[in-house]
Amino acid sequence: MTSGALPVNPFVAAGMIEDPRLFVGRKDELHAIASRMKGDQPTSINIVGEKHIGKSSLLHYFVLTWQQRVLNNSSNYVVIYLPLRSVDCQTETGFYEAVAEGLLNHVQGWQQRSLQNCWKTKPLNRQAFSDAVKEWKQQGKLPVLCLDDFESLLKYPDKFDNGFYDNLRSLMDSNALMLVVASRKQLDVYANEHRFVSSFFNIGHTISLKELTTDEAIELSRLPTRSTNGAALSVDEQNHAQQWGDRHPYKLQLAAYYLWEARQQGKAIKWAKQQFEQQLANPKSKAKGQRWQLWLRWLVWDLPVRLGKIPKFIGATVGDIGNWITGLVILLLPVLVWVGVLHWNEVWDFVRDKLGIK
């Protein structure tokens, strides 16, 4: 770093942590992924956790550091990180091509020629992808795909159907492929919600990503800047960060971020707290707005459409429905009289009108 350069805030208030020096904790989860990768039968994993809990950062950090955890036979694995929200992954062929590119980019030069030929089939469709993965198995290579934002695939059910997921499951069952899939809900929940029947969604092992431990939270608040060895925050600022953020990784990062910015700009702790609370409030406001829009859509569109389908579902005619409504009203009339909403004279007038009595 050149003299006079401004120090860089080490805290990541949004998005994935890309610098491995700034990643803190998750030792148990990292060990669990590596141990299931090293087994005689690699076990695919579903990393489950709420938004901002650190799923993307965990996958990315594992891809950068897995060789430190798999010291023996590390040449048998190729581990890649693939964000499924990428435009390249909106079609099945696009997904396969993105995987192929990622794998070949991580293969050593002297191995490139013997391992790349099987990926040259155009188009790289489901069968070609399956054949290429099986060819890698024969050559002693296990592709380990760390797939982030699994929900992105669910937006395209016509592109990623049960056949797509069945093919992945077949490769996993034959120990030719391992997946580490990050999602907000467990995969079997999505299967029920979207009516998938593929056994892919009953993935081998689930890891629930929770808040940091107390020691990990303290370690995060003591991160150094890139230009110094000491902590970026003072002891008082560290205490504030831990109080505001508790043990939630995103809240801790956010609190520490604004505390550091406050000191750099000569502002008070109060300013940092206001910025922190304002940033936390924004997503909630958006979420409330989205919930209100969903409720309104259900009331004025979904509910009327579903009610309109009832006669067709039960095979009733328009006349039948009219008679059903009339009968329902007649049944409700005594109740309305009993609670004082109507008088018996009004009920009798209604009945006479329906029966045609003058």
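Our subject is the structure that appears above.
As the structure is a prediction and not an experimental result, all values here were calculated from the model.

Quick notes on the rules
Residues numbered from 1 in each chain as written. Predicted model: local features only at pLDDT ≥ 70, side-chain atom pairs only at ≥ 80, totals over all residues. Heavy atoms only, no water. Salt bridge = Lys/Arg side-chain N within 4 Å of Asp/Glu carboxyl O. Buried < 20%, exposed > 50% of the residue type's maximum accessible area, 1.4 Å probe, protein only. Helix = DSSP H or I, 4+ residues; strand = E, 2+ residues; numbered from the N terminus. Expected span 1.5 Å × (residues − 1). Contact = heavy atoms within 4.5 Å. Axes fitted to C-alpha atoms, helices over the stretch in contact; angles between N-to-C directions. Parallel < 35°, antiparallel > 145°, perpendicular 65-115°, else oblique. Left-handed = near helix turned anticlockwise from the far one by under 90°. Nonpolar A, V, L, I, M, F, W, Y, C, P; charged D, E, K, R; others polar. Polar contact = N/O pair within 3.5 Å; in protein donor to acceptor, adjacent residues only side chain to side chain. Pairing = 2+ DSSP bridges. Phe/Tyr/Trp six-rings, centres within 6.5 Å; stacked < 30°, edge-to-face > 60°. Core = buried A, V, L, I, M, F, W, Y, C linked by side-chain atoms within 4.5 Å.

Peer 1: Hey, could you go over the pattern of salt bridges for me, with residue numbers and the actual values?
Peer 2: Throughout the structure, instances matching the rule amount to 10 salt bridges. Ionic pairing is found between Glu193 and Lys185, a salt bridge with its closest N-O pair at 2.8 Å. Among the residues examined, Glu193 registers a relative accessible area of 43% and is labelled partly exposed. Connected through salt bridges with shared partners, the residues Arg85, Asp148 and Asp149 form a single ionic network.

Peer 1: Pulling in residues and values, what's your account of helix 7 (residues 162-173)?
Peer 2: Look at helix 7: 16 Å from first C-alpha to last across 12 residues, which is about the 16 Å you get at 1.5 Å a residue. The complete set of buried residues in helix 7 reads Phe164, Tyr165, Asn167, Leu168, Arg169, Leu171 and Met172. Against helix 3 (92-105), helix 5 (126-138), helix 6 (151-154) and strand 4 (178-183) lie the buried residues of helix 7. Just past helix 7, the residue Asn175 takes up positive phi, approximately 60°.

Peer 1: How would you explain the packing of helix 1 (residues 27-38) against helix 2 (residues 55-69) if you had to name every residue and give the values?
Peer 2: Relative orientation of the contacting elements helix 1 and helix 2 amounts to 60°, with a least axis distance of 10 Å. Considered as vectors, helix 1 and helix 2 are oriented oblique to each other. The element helix 1 and its partner helix 2 pack so that their crossing is right-handed. Along its contact with helix 1, which presents Glu29, Leu30, Ile33, Ala34, Met37 and Lys38, the element helix 2 presents Leu58, Tyr61, Phe62, Trp66 and Arg69. Among the residues forming the contact of helix 1 with helix 2, the class breakdown is eight nonpolar, no polar and three charged.

Peer 1: Before we move on, could you go through the packing of helix 5 against helix 7 and cite the residues and values that matter?
Peer 2: The contact between helix 5 and helix 7 brings their axes to 11 Å, and the two run at 10°. Here helix 5 is positioned roughly parallel relative to helix 7, judged by the angle of their axes. For the pair formed by helix 5 and helix 7, the contact residues are Arg126, Phe129, Ser130, Val133 and Lys134 on the first element and Gly163, Phe164, Asn167, Leu168 and Leu171 on the second.

Peer 1: An account of the side chain of Ser221 is requested, with residue identities and associated values reported.
Peer 2: Counting through the fold element by element, Ser221 comes out in helix 9 (residues 214-221). Taking the relative accessible area as the measure of exposure, Ser221 reaches 1% and is therefore buried. Here Ile218 takes part through its backbone oxygen, which lies 2.7 Å from a polar atom of the side chain of Ser221. Beyond its immediate stretch of four places on either side in the chain, Ser221 contacts Phe11, Leu233, Gln238 and Gln242.

Peer 1: Tell me about the sheet that holds strand 1 (residues 45-48), and please be specific about residues and values.
Peer 2: A sheet is described by the order of its strands in space; here five strands give the open sequence 2-3-4-1-5, paired in parallel fashion. Since the sheet does not close on itself, it has two edges, and those belong to strand 2 (77-83) and strand 5 (205-208), each with one partner. Put simply, the sheet's adjacent strands are angled 15° from each other on average, direction ignored. Examined bridge by bridge, strand 1 and strand 5 share four bridges and lie parallel to one another. Bridged to Ile45 within strand 5 is His205.

Peer 1: Describe in detail the packing of aromatic side chains, supporting the description with residues and values.
Peer 2: Evaluated as defined, the whole model comprises 23 aromatic pairs. With centroids separated by 4.4 Å and ring planes inclined at 20°, the aromatic side chains of Tyr96 and Phe129 adopt a geometry described as stacked. Residue Tyr96 is found in helix 3, and its partner Phe129 is found in helix 5; the two are separated by 33 residues along the sequence.

Peer 1: Residues and numbers for the nonpolar core, please.
Peer 2: Residues Phe95, Trp119, Trp136, Phe150, Tyr165, Leu179 and Phe200 are the most contacted members of the largest nonpolar core, which totals 44 residues. Counting only elements with at least two residues in this core, the list comes to strand 2, helix 3, helix 5, strand 3 (142-148), helix 6, helix 7, strand 4 and helix 8 (187-194). In terms of residue count, helix 3 provides more of this core than any other element does, seven residues in total. Residues Met16, Val70, Cys146 and Met178 belong to the second largest nonpolar core, which totals 28 residues.

Peer 1: Quick rundown of the pairing of strand 2? Include the residues and the values.
Peer 2: Of all seven residues making up strand 2, six are buried, and the element is well covered by its neighbours. Sheet topology places strand 2 next to strand 3; seven bridges connect them, and they run parallel. When the bridges of strand 3 are listed, Tyr77 appears paired with Leu142.

Peer 1: Describe the pairing of strand 3, and please don't skip the residues or the numbers.
Peer 2: In terms of burial, strand 3 is largely enclosed, as seven of its seven residues are buried. Here strand 3 shows no split at all, with Leu142, Val144, Cys146 and Asp148 on one side and Pro143, Leu145 and Leu147 on the other all buried. As paired elements, strand 3 and strand 4 share four bridges and run parallel to each other. Paired with Cys146 across the strands is Val180, a residue of strand 4.

Taken by themselves, the reported measurements are silent on function.
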